[in-house]
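Listed below, chain by chain, are the residues.
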Amino acid sequence: MRLLLALSLLAAPEDLAGRLAADDASAVIEACREAATSQEPALTAPLTRLLRHDNPAVRRAAIEALGLRKPAAERKKAAQALAPRIAPLAAKEETKEECLAVVTALHDLAQPAALTALLDGIGPDDDRDIARARMHAAANVPSKEAIEELIHLGSAGRRGGAQWRAAAVVDALRYATQERVEGGIEAWRQWWMENRKTFDVDLAANKRADARLREEERRRKGKKGGPGEKGK
């Protein structure tokens, strides 16, 4: 009996991987949802292949599942697969929401391998929602390089006359460092010169995670209260 149970557990990832390759889009979406709750390494590759599926709903389901990878090696693979999707998706208005889904997944994966794709080529005429999301995702990467690249981007934004981009960078730097530095990009540059050696990226990451948990809890309480609850 124990042998049969063990064999069934071993076969489960293969069975799910097979369903991820099904012809029926609805079946594939359901398989993606199941894959999102499983951390089997064997599922990363079939999910990655779905990023180029003809059906946008399938692609979205695969993106969300990849964003939930937990093992370190699989997080890196997922980020490497998702990152190249930013540029082609950001170029078209009709794929804006899919691009934002990719960026959200990369935020949650928090992999240095995605930094270049997240920050390179953000211009003053880019879609601002996507640009801000990209900076926010880069800011969640626990890396000193992320902070340095954001400061560089903020300086370029100022020279290009895109004040919104410099302001968005400041917001991202506050998120990355969990610090408030007043005075714009130059003030941040000076602060970084003074604090770079001692700055603890892991401590900042923990503070970001705690802040997100508090925000989620606040939202849950707000939804639970419902309309008319405020002031009672």
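Here the structure is a predicted model, which means the values were calculated and not measured.

> Can you break down empty space enclosed by the protein residue by residue, with the values?
Under the criterion given, the structure shown has one cavity of 30 Å³ or more. Surrounding the largest cavity, Ala139, Val141, Pro142, Ser143, Ile147, Ala176, Phe199, Val201 and Arg208 form its lining. When its residues are assigned to classes, the lining of the largest cavity shows seven nonpolar, one polar and one charged.

> Account for the pattern of salt bridges, naming residues and giving values.
Two side chains of opposite charge can pair, provided their charged atoms sit close to one another. Applying the stated criterion to the full structure yields 13 salt bridges. Where Glu186 meets Arg189, a salt bridge forms, and the shortest distance between an N and an O atom there is 3.7 Å. Here the residue Glu186 and the residue Arg189 both occupy positions in helix H12 (residues 184–195), the gap between them amounting to three residues, near one helical turn. Judged by its relative accessible area of 39%, Glu186 falls in the partly exposed class. Judged by relative accessible area, which is 30%, Arg189 ranks as partly exposed. In this structure, Arg218 engages Glu215 in a salt bridge whose closest nitrogen and oxygen atoms are separated by 2.6 Å. Here the residue Arg218 and the residue Glu215 both occupy positions in helix H13 (residues 201–225), the gap between them amounting to three residues, near one helical turn. Linked by salt bridges that have partners in common, Lys96, Asp127 and Asp129 make up one network.

> Which residues make up helix H5 (residues 72–82), and what values go with them?
Structurally, the α-helix is built with 3.6 residues per turn, so residues lying three or four positions apart point the same way. Looking at H5, one finds that the buried residues are Glu74, Arg75, Ala78, Ala79, Ala81 and Leu82. What you see down the axis of H5 is that its buried residues fit within an arc of 160°, all on one side. Along its buried surface, H5 packs onto helix H3 (44–49), helix H4 (56–66), helix H6 (86–90) and helix H7 (96–109).

> Help me get a handle on the side chain of Arg59, residues and values and all.
In this fold, Arg59 is placed in helix H4. Note on Arg59: relative accessible area 14%, which makes it buried. In terms of polar contacts, Arg59 uses its side chain to reach the side chain of Glu98, at 2.8 Å. Among all residues touching Arg59, those that are not within four sequence positions of it are Leu50, Leu51, Arg52, His53, Asp54 and Glu98.

> Just give me the short version of the packing of helix H9 (residues 128–139) against helix H11 (residues 163–177), but keep the residues and values in it.
Running from N to C, H9 and H11 point in directions that differ by 30°, and their axes come no closer than 8 Å. Looking at the two axes, H9 sits roughly parallel to H11. The hand of the H9/H11 crossing is right-handed. Contacts between H9 and H11 involve Arg128, Ala131, Arg132, Met135, His136 and Ala139 from the former and Trp164, Arg165, Ala168, Val169, Ala172, Tyr175 and Ala176 from the latter. Residue composition of the contact of H9 with H11, grouped by class: nine nonpolar, one polar and three charged.

What counts as what
For every chain, the first residue of its written sequence is number 1, and the numbers climb from 1 along that sequence. Local features in this predicted model are restricted to residues of pLDDT 70 or higher, and side-chain atom pairs are both shown and tallied only at a pLDDT of 80 or more, whereas totals for entire chains, interfaces and linings draw on every residue. Hydrogens and waters are ignored; side-chain quantities use all the structure's heavy atoms. Cavities and pockets were defined on a 1 Å grid built over protein atoms only: a cavity is a set of grid points that admits a 1.4 Å probe from which the probe cannot escape, a pocket is an open set flanked by protein on both sides within 12 Å along at least five of seven lines, and lining residues are those with an atom within 4 Å of any such point. Grid points are joined across faces, edges and corners, and a volume is the space filled by probe spheres set on the points. Each residue gets one label: Ala, Val, Leu, Ile, Met, Phe, Trp, Tyr, Cys and Pro are nonpolar, Asp, Glu, Lys and Arg are charged, and the others, such as Gly, are polar. The working definition used for a salt bridge is a side-chain nitrogen of Lys or Arg within 4 Å of a carboxyl oxygen of Asp or Glu. Helix and strand assignments follow DSSP, with helices taken as H or I runs no shorter than four residues and strands as E runs no shorter than two, numbered in order from the N terminus. Under the scheme applied here, a residue whose accessible area is under 20% of the maximum for its type counts as buried, over 50% as exposed, and between as partly exposed, the area being computed with a 1.4 Å probe on protein chains only. Working definition: the arc comes from the directions between the helix axis and the C-beta atoms, pointing outward to the latter. Every residue pair with non-hydrogen atoms within 4.5 Å of one another is taken to be in contact. Throughout this description, a polar contact denotes any pair of N or O atoms lying within 3.5 Å of each other; where both atoms belong to protein, one of them has to be capable of donating a hydrogen while the other can accept it, and for residues adjacent in sequence the pair is counted only when both atoms sit in side chains. Axis definition: a line fitted to C-alpha atoms, limited for helices to the stretch in contact. Angles are taken between N-to-C directions and run from 0 to 180 degrees. Just so you know how the angles are binned, under 35 degrees is roughly parallel, over 145 roughly antiparallel, 65 to 115 roughly perpendicular, and the rest oblique. Should the near helix be turned counterclockwise from the far one by less than a right angle, the crossing is left-handed, whereas a clockwise turn marks it as right-handed.

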